Amino acid sequence: MLDVKNSIERLSWTVEHHFLHIQAQHEFMRAWAIQFELAYTDFRVIQMALQLAGDSHHELLSQFSAAYEKVFDYEYAFVAGGLDGFNAKFGDQLDQYEAAEKETLG
């Protein structure tokens, strides 16, 4: 399997800190968008490593992909519309966002 240790660490850090950023209602900043894009790249690297590892990791691949895709939707709303855009779309769903964040980190 490919060495994805750094990708896992970076993706975990970003998912956790982005949730905390939004939960605290901090405004959008350019660095956040860059971190979002780099995290998506890390997600794809991990996904590719699991795919290359074969069928024995198919269940983990499916769970990991589904979990991150939920987080992606929340984060993309923030990237695309800032704090106001996120709150308009998901402001009443912070509990679900936190659950998706925890599932991804798990």
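The coordinates are above.
Residues numbered from 1 in each chain as written. Predicted model: local features only at pLDDT ≥ 70, side-chain atom pairs only at ≥ 80, totals over all residues. Heavy atoms only, no water.

Undergrad: I would appreciate a short explanation of the side chain of Gln47 in the present structure.
TA: Mapped onto the elements, Gln47 comes out in helix α2 (residues 30–52). Not counting the four nearest positions on each side in its chain, Gln47 is found in contact with Leu61, Phe64 and Ser65. (Helix = DSSP H or I, 4+ residues; strand = E, 2+ residues; numbered from the N terminus. Contact = heavy atoms within 4.5 Å.)

Undergrad: For this particular structure, what's the right way to read a nonpolar patch on the surface?
TA: Taken together, the side chains of Leu2, Met48 and Leu52 present a nonpolar region at the surface, about 300 Å² in accessible area. Relative to the elements of secondary structure, Leu2 occurs in the segment before α1 (5–23). (Patch = residues over 30% accessible without salt bridge, like charges linked within 9 Å, V, L, I, M, F, W, Y side chains within 5 Å. Areas by Shrake-Rupley, 256 points an atom, 1.4 Å probe, with all protein chains shown as cover. Salt bridge = Lys/Arg side-chain N within 4 Å of Asp/Glu carboxyl O.)

Undergrad: Mind showing me how you'd approach the packing of α2 against helix α3 (residues 58–90) here?
TA: Any two packed helices are characterised by the angle at which their axes cross and by the distance between the axes. In contact at an axis separation of 11 Å, α2 and α3 are set at 165° when each is read in the N-to-C sense. Comparing the axis directions of α2 and α3 gives the class roughly antiparallel. Note on packing geometry: the crossing formed by α2 with α3 is left-handed. Along its contact with α2, which presents Trp32, Ala33, Phe36, Ala39, Tyr40, Phe43, Ile46, Gln47, Leu50 and Gln51, the element α3 presents Leu60, Leu61, Phe64, Ser65, Tyr68, Glu69, Phe72, Glu75, Tyr76, Phe78 and Val79. For the contact of α2 with α3, the per-class residue count stands at 16 nonpolar, three polar and two charged. (Axes fitted to C-alpha atoms, helices over the stretch in contact; angles between N-to-C directions. Parallel < 35°, antiparallel > 145°, perpendicular 65-115°, else oblique. Left-handed = near helix turned anticlockwise from the far one by under 90°. Nonpolar A, V, L, I, M, F, W, Y, C, P; charged D, E, K, R; others polar.)

Undergrad: Mind showing me how you'd approach the environment of Val45 here?
TA: Relative to the assigned elements, Val45 resides in helix α2. Placed 42 residues apart in sequence, Val45 and Asp3 show a C-alpha to C-alpha distance of 9.6 Å. For Val45, the contacting residues outside a window of four places in its chain are Val4 and Ser7.

Undergrad: Help me out: how do you make sense of the nonpolar core in this one?
TA: Side chains of a nonpolar character, in soluble globular proteins, are inclined to be buried together. If you look at the biggest cluster of nonpolar residues, it comprises 24 residues, and the most contacted ones within it are Leu11, Tyr68, Phe86 and Tyr97. Every element with two or more residues in this core is listed here: α1, α2, α3 and α4 (94–105). The element best represented in this core is α3, accounting for ten residues. (Core = buried A, V, L, I, M, F, W, Y, C linked by side-chain atoms within 4.5 Å. Buried < 20%, exposed > 50% of the residue type's maximum accessible area, 1.4 Å probe, protein only.)

Undergrad: Sorry if this is basic, but what is going on with unusual backbone geometry here?
TA: Negative phi characterises most residues that are not glycine, and trans characterises most peptide bonds. Unusually for a residue other than glycine, Gln25 sits at a positive phi of about 60°. Residue position: Gln25 is located in the loop between α1 and α2.

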